[in-house]
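Residue strings, one per chain:
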Amino acid sequence: MSKQHVKMTVNGKPVEALVEPRTLLIHFLREDLSLTGPHIGCDTTHCGACTVDLDGKSVKSCTMFAVQADGAEITTIEGIAHPDGTLHAIQEAFRQYHGLQCGFCTPGMITRAYRLLQDNPNPTEAEIRHGISGNLCRCTGYQNIVRAIQAAAQELSAAKEAAE
Ligand code: FES
Ligand code: FES
């Protein structure tokens, strides 16, 4: 099958490649760009382990083709930390509040939480639970994930107020 040329920005860097039209975005990210943070946890679009941020929306990268992301701006878990390597407040809160056990769901969960807090900086617990309902975790029972996102929301709001 003839390959198609795609151009996108991934974690702030311009990327150009030739891809087969059938290549899923998750495979392109993991295999062509070596961004193995987004995981593949199912083949039914259920688990959310593959979640990335695409043009300001959380998407399951197993559910779209790389060619559909042509021209897009994508952030994966690898692009969430600050450029100097310090953890983003959400990553720090997951660490502090034990929001992970095996860690398999964590890249998708944090990337989803990142978008959730961009769209709604002060979510209620119910809004957090609804917001992460497309991301499954088989280990934690979600309680500490919710706590971590609440703590990150407070931290980010305090930092924003201090900067104003
Ligand atoms: Fe499970 Fe994408 S790998 S939703
Ligand atoms: Fe194991 Fe969420 S920490 S699946």
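Our subject is the structure listed above.
Remarks on the overall build of the protein chain
In step 1: Within the protein chain, the regular secondary structure consists of 5 helices and 5 strands.
In step 2: Ordered by position from N to C terminus, the α and β elements of the protein chain give β-β-α-β-β-β-α-α-α-α.
In step 3: A compact globule built from 164 residues would reach a C-alpha radius of gyration of about 15 Å, and the protein chain, at 16 Å, matches this within 12%.
In step 4: Over its C-alpha atoms, taken along the principal directions, the protein chain stretches across nearly 50 × 35 × 25 Å.
In step 5: Taken across its 164 residues, the protein chain has 43% of its residues classed as buried.
In step 6: At a minimum sequence separation of 6, the contacts of the protein chain that also span at least 24 residues come to 56%.

What about helix H5 (residues 143-163)?
In step 1: Between its first and last C-alpha atoms H5 spans 30 Å; for 21 residues at 1.5 Å apiece the expected length is 30 Å, and the two agree.
In step 2: For H5, the full list of buried residues reads Ile145, Val146, Ala148, Ile149, Ala151, Ala152 and Ala153.
In step 3: Contacts made by the buried residues of H5 are with helix H2 (89-96), helix H3 (106-119) and helix H4 (125-131).

Quick look at the layout of surface pockets
In step 1: Here the largest pocket is characterised by a volume of approximately 200 Å³.
In step 2: Considering the residues around the largest pocket, the lining is formed by His88, Ile90, Tyr114, Leu117, Gln118, Pro121, Asn122, Ala153, Leu156, Ser157 and Lys160.
In step 3: When residues of the lining of the largest pocket are traced back to their parent elements, those giving at least two are H3 and H5.
In step 4: Among the elements that take part in the lining of the largest pocket, H5 stands out by supplying 4 residues, more than any other.
In step 5: Lining the second largest pocket we find 14 residues, and of these Cys47, Phe104, Cys105, Leu136 and Arg138 sit closest to its centre.
In step 6: Class assignment for the residues of the lining of the second largest pocket results in 10 nonpolar, 3 polar and 1 charged.

So, the nonpolar core
In step 1: Counting residues in hydrophobic clusters, the biggest one holds 22 residues, and the most contacted among them are Ile90, Phe94, Met109, Ile145 and Ile149.
In step 2: Elements with a contribution of two residues or more to this core: H2, H3 and H5.
In step 3: At 7 residues, the largest contribution of residues to this core is made by H5.
In step 4: Discounting chain neighbours no more than four positions away, the residues touching Ile90 are Ile110, Ala113, Tyr114, Leu117, Ala152 and Leu156.
In step 5: Judged by nonpolar contacts, the second largest core, of 18 residues, contains Val10, Ala17, Val59 and Ala69.

Let's talk about the pairing of strand S3 (residues 51-54)
In step 1: A two-sided burial pattern is seen for S3, the buried positions comprising Thr51 and Asp53 on one face and Val52 and Leu54 on the other.
In step 2: Here 4 bridges tie S3 to strand S4 (residues 57-60), and the two strands are oriented antiparallel to one another. Looking at S4, one finds that Thr51 is bridged to Lys60.
In step 3: Between the antiparallel neighbours S3 and S4 lie 2 residues, among them Asp55 with a positive phi of about 50°.
In step 4: Note that S3 and strand S5 (residues 73-75) share 2 bridges and pair antiparallel. For Asp53, the partnering residue across the bridge sits in S5 and is Thr75.

Describing the sheet that holds strand S1 (residues 4-10)
In step 1: Read across the open sheet, the 5 strands follow the order S2-S1-S5-S3-S4; overall the sheet is mixed. With one partner strand each, in any of the chains shown, strand S2 (13-19) and S4 form the two edges of the open sheet. Mean inter-strand twist for the sheet, computed between neighbouring axes without regard to direction, equals 40°.
In step 2: As paired strands, S1 and S5 are joined by 2 bridges and run parallel to one another. Within S5, the residue paired with Thr9 across the bridge is Glu73.
In step 3: Across the face of the sheet, helix H1 (residues 25-32) comes into contact with S1, S2, S3 and S5 while running at roughly 110° to S2.
In step 4: Strand contacts of H3: S3, S4 and S5, with the helix running at about 30° to S3, the strand carrying the most contacts.

Criteria and thresholds
- Residues numbered from 1 in each chain as written.
- Chains lettered and ligands numbered in written order.
- Predicted model: local features only at pLDDT ≥ 70, side-chain atom pairs only at ≥ 80, totals over all residues.
- Heavy atoms only, no water.
- Helix = DSSP H or I, 4+ residues; strand = E, 2+ residues; numbered from the N terminus.
- Rg over C-alpha atoms; globule rule 2.2 N^0.38 Å.
- Buried < 20%, exposed > 50% of the residue type's maximum accessible area, 1.4 Å probe, protein only.
- Contact = heavy atoms within 4.5 Å.
- Expected span 1.5 Å × (residues − 1).
- 1 Å grid on protein atoms, 1.4 Å probe; cavity = no way out; pocket = protein on both sides within 12 Å on 5 of 7 lines; lining within 4 Å.
- Points joined across faces, edges and corners; volume = space filled by probe spheres on them.
- Nonpolar A, V, L, I, M, F, W, Y, C, P; charged D, E, K, R; others polar.
- Core = buried A, V, L, I, M, F, W, Y, C linked by side-chain atoms within 4.5 Å.
- Pairing = 2+ DSSP bridges.
- Axes fitted to C-alpha atoms, helices over the stretch in contact; angles between N-to-C directions.

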